[in-house]
Amino acid sequence: PNTMAYLYRWPTAYKLFVYCQNVATVPMARQVVGTPMVSLIGYGASRAHGCSYCTTHAITLFEGLDVDVKALEAAREGDTDPANPFGPFEVAVVELSARIARNTVTDEAVEAVRATAPQARFGEPDPDPRRAVVAVTQMASTMGFFNVFNDLVGLATEGDMARTALSKGIEAGRHAVEEANPDNLSHDLPEGGPTIPEMVARYEARVGDVGAYTTEHLGLTPAWMRVWPEAARKLHAYMYVTLMGGDGEAVIGAELKHLMARVSAVARDHGYLAAVEGFLAARAATDADRAVERVRHAYQAAIGRPESMALFDERERSALRLAWLSAQIPLVTPQRFVEPLVTQYDDRELIELIVACSTAALVQRFCSVHKPEIEPAVREFLSEHDLDTDPLDIRYPVGR
C-alpha cells in the first residue's frame, strides 16, 4: 500500500509500526472477533475520523472478503433482522470504534460490546466477551496511526481498491485515485533474514523489564503502558520510546515531538495525555530554564497566539501547527497550514513529524477507552509549575 511506501522513508518507523503494532494487533483481533469484524472496526474508526483512504482500505484490504456496507448501515439504523449479516454485536463494535476515534467513549458503549459479544454473527464468539473490547480498542488504536498518517501525507488511493470501494458506495473524498495499483515492489525481494517471531523477540529483548526501560528513557512508566495488553506491552514501549525519542536515527528532537503530542492531546480533549506529554517534553528539553514555559505555551503557539510564539523558532511553530491540524476531525490539510512545513523540512524530516502525530493519535485512542489517571510525578510537576490540567483551560488561558 502507498502508506508503507511513504512510511519507509524512515525505515525504523516502518519496521516498528509493522512489527510492534500491526503484527501485535491484527492477528489477535482476527482470532478474537474474526476477519470481517477487523474490517468493520477499521471502517467505523475511519468513517468517524473522515479518512476516505483508510475507509477504502478497511473494506477492501482482506482478499475475498465482501463487506456489504449498505447492510451495515441498515443495521446501524436498527435493521438487525436475522437476514442481515450484521446484528447487535456488529453494530456495537462499529459504534465503539467510531467513539474511540472521536474521544467520546462511554461506559455504555463499552458494555454494549461486552453484552452483545455472544450474539456475534461471524465465526465462533469468544468465550470471554472482555476480549472483544480489547480487540476493538487495539484495532481502533492502530487505525489512529493510519488515519492521521494517511491524511497528513495525502496519499492517493490505489486503483483496484478505489474501484472496489466505489462499487460499495465509498467515494474517494479528498484522496486522489490512481488509475492502476502502484508498482511499489518492482524489485526482487531479499531472501533470508530474520522471521517475524525473531524480529519480535529482538525488540522485546531490548526492553527487558518494561518498568526499568521506561523509567530510564521517560522518567516514569506512563499509566497507559501499565494497562496496555501484556502480550504486546514490551513492543509498544519500545515503539513509543524509539519513535518519540531523539536518539539513534531520529532527526527531530524528543522535546518537540512530545510538545506536538501535547498539542494534539489538548485539541482532542485528552487531559491525561496533555499532562504526561508536557512532563515528557520538559524532561527531554535541553534548555531547562525555558522548558516549562514552552510546555505552557505550545498549544497557543500552534494556533498562532503572538505572545506564545516567541518561545519557538519558525520550524518549531510549523511543527506545532501540524500537530494541531492532525487532531482535527475530519482531518483536512489546507495548503496555507502545511506549506511552511514543506519549505522548511525535507522529506525525511516531514515523515518523522507526521509519525509523531500518528503515534500520538494511536495512544489517544487507547486512552479514550482506559482513561488513565495522571501519574503522581506528573501531577507534582504540574502543580509545581502551575500548569493547567483541563484542556479547556489550556485552550482558553484566561488572565495569562
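Residues numbered from 1 in each chain as written. Predicted model: local features only at pLDDT ≥ 70, side-chain atom pairs only at ≥ 80, totals over all residues. Heavy atoms only, no water.

### Quick look at the overall build of the chain
Here's step 1: On a plain count of helices and strands, the chain comes out with 22 helices and 0 strands.
Here's step 2: A compact globule built from 400 residues should have a C-alpha radius of gyration of about 21 Å, and the chain, at 21 Å, falls within 12% of that.
Here's step 3: Over its C-alpha atoms, taken along the principal directions, the chain stretches across nearly 65 × 45 × 45 Å.
Here's step 4: Within the chain, the fraction of its 400 residues that count as buried is 55%.
Here's step 5: Counted over contacts in the chain with a minimum sequence separation of 6, partners at least 24 positions apart contribute 71%.
Here's step 6: Counting every atom, the chain has about 17400 Å² of accessible surface; 51% of that belongs to carbon and sulfur.
Here's step 7: For the chain, the distance from the average site of its 38 positive side-chain charges to the average site of its 54 negative ones is 2 Å. (Helix = DSSP H or I, 4+ residues; strand = E, 2+ residues; numbered from the N terminus. Rg over C-alpha atoms; globule rule 2.2 N^0.38 Å. Buried < 20%, exposed > 50% of the residue type's maximum accessible area, 1.4 Å probe, protein only. Contact = heavy atoms within 4.5 Å. Areas by Shrake-Rupley, 256 points an atom, 1.4 Å probe, with all protein chains shown as cover. Lys, Arg positive; Asp, Glu negative; His and termini not counted. Charge placed at Lys NZ, Arg CZ, Asp CG, Glu CD.)

### Let's talk about the side chain of E90
Here's step 1: Along the chain, E90 falls in helix α6 (residues 88-102).
Here's step 2: Although E90 is buried, it forms no salt bridge, and the closest oppositely charged side chain is R121 at an N-O distance of 4.6 Å.
Here's step 3: In this structure the side chain of E90 is engaged in a polar contact, spanning 2.7 Å, whose partner is the backbone nitrogen of G87.
Here's step 4: Once you skip the residues sitting within four places of it in the chain, E90 turns out to touch M37, L40, P85, A120, R121 and F122. (Salt bridge = Lys/Arg side-chain N within 4 Å of Asp/Glu carboxyl O. Polar contact = N/O pair within 3.5 Å; in protein donor to acceptor, adjacent residues only side chain to side chain.)

### Focus on the pattern of salt bridges
Here's step 1: As enumerated under the stated definition, the model contains 13 salt bridges in all.
Here's step 2: A salt bridge links R294 to E316; the nearest nitrogen and oxygen atoms lie 2.9 Å apart. Residue R294 is located in helix α16 (residues 288-302), and its partner E316 is located in helix α18 (residues 314-326); the two are separated by 22 residues in the primary sequence.
Here's step 3: The salt bridge partner of R305 is E307, with a shortest N-O separation of 2.6 Å.

### So, helix α13 (residues 230-244)
Here's step 1: Along its 15 residues, α13 runs 21 Å from first to last C-alpha, staying within 8% of the 21 Å computed at 1.5 Å per residue.
Here's step 2: Those residues of α13 lying buried are A232, L235, H236, A237, Y238, M239, Y240, V241, L243 and M244. (Expected span 1.5 Å × (residues − 1).)

### Notes on unusual backbone geometry
Here's step 1: The omega angle of the peptide bond from I329 to P330 is -5 degrees, so this bond is cis rather than trans.
Here's step 2: The topology assignment puts P330 in the loop between α18 and α19 (335-344).
Here's step 3: Even without glycine at this site, N103 takes up a positive phi of about 55 degrees.
Here's step 4: Inspection of the secondary structure puts N103 in the loop between α6 and α7 (107-116).
Here's step 5: Although it is not a glycine, D269 sits at a positive phi angle of roughly 70 degrees.
Here's step 6: Within the secondary structure, D269 sits in the loop between α14 (254-267) and α15 (271-284).
Here's step 7: Take D269: its relative accessible area is 43%, and that puts it in the partly exposed class.

### Here's the deal with the nonpolar core
Here's step 1: Ranked by internal contacts, the top residues of the largest apolar core, which has 100 residues, are W224, M260, L320, L353 and V355.
Here's step 2: For this core, the element with the highest residue contribution is helix α20 (residues 347-370), accounting for 13 residues.
Here's step 3: Setting aside residues no more than four positions away along its own chain, V355 makes contact with L7, W10, A13, F145, F149 and L243.
Here's step 4: V38, L96, A135 and A165 belong to the second-largest nonpolar core, a separate cluster that totals 40 residues. (Core = buried A, V, L, I, M, F, W, Y, C linked by side-chain atoms within 4.5 Å.)

### Some points on the packing of helix α3 (residues 35-49) against helix α8 (residues 130-153)
Here's step 1: Where α3 contacts α8, the axes come no closer than 9 Å and their chain directions differ by 50 degrees. Judged by the angle between their axes, α3 and α8 are oblique. The handedness of the crossing between α3 and α8 is right-handed. For the pair α3 and α8, contact is made by V38, I41, G42, A45, S46 and H49 and by A135, V136, M139, A140, M143, N147, V148 and D151, respectively.
Here's step 2: Considering only residue class, the contact of α3 with α8 consists of 9 nonpolar, 4 polar and 1 charged. (Axes fitted to C-alpha atoms, helices over the stretch in contact; angles between N-to-C directions. Parallel < 35°, antiparallel > 145°, perpendicular 65-115°, else oblique. Left-handed = near helix turned anticlockwise from the far one by under 90°. Nonpolar A, V, L, I, M, F, W, Y, C, P; charged D, E, K, R; others polar.)

### Quick notes on the packing of aromatic side chains
Here's step 1: Here the structure, examined in full by the defined rule, presents 12 aromatic pairs.
Here's step 2: Between the aromatic rings of F145 and F149, the centroid separation amounts to 6.1 Å while the plane-to-plane angle is 10 degrees, which identifies the pairing as stacked. Here F149 and F145 lie together in helix α8, a separation of 4 residues that amounts to about one turn. No difference in accessibility class separates F145 from F149, as the two residues are buried.
Here's step 3: For the ring pair W228 and F366, a centre distance of 4.3 Å and an interplane angle of 35 degrees mean the geometry is tilted. With a gap of 138 residues between them, W228 in the loop between α12 (223-226) and α13 and F366 in helix α20 connect regions that are remote in the sequence.
Here's step 4: The exposure class of F366 is buried, given its relative accessible area of 0%.
Here's step 5: Cluster of aromatic residues (ring-pair linked, three or more members): F17, F145, F146 and F149.
Here's step 6: The ring of Y6 carries R9 above its face, with NZ or CZ at 4.5 Å from the centroid. (Phe/Tyr/Trp six-rings, centres within 6.5 Å; stacked < 30°, edge-to-face > 60°. Lys NZ or Arg CZ within 6 Å of the ring centre and 35° of its normal.)

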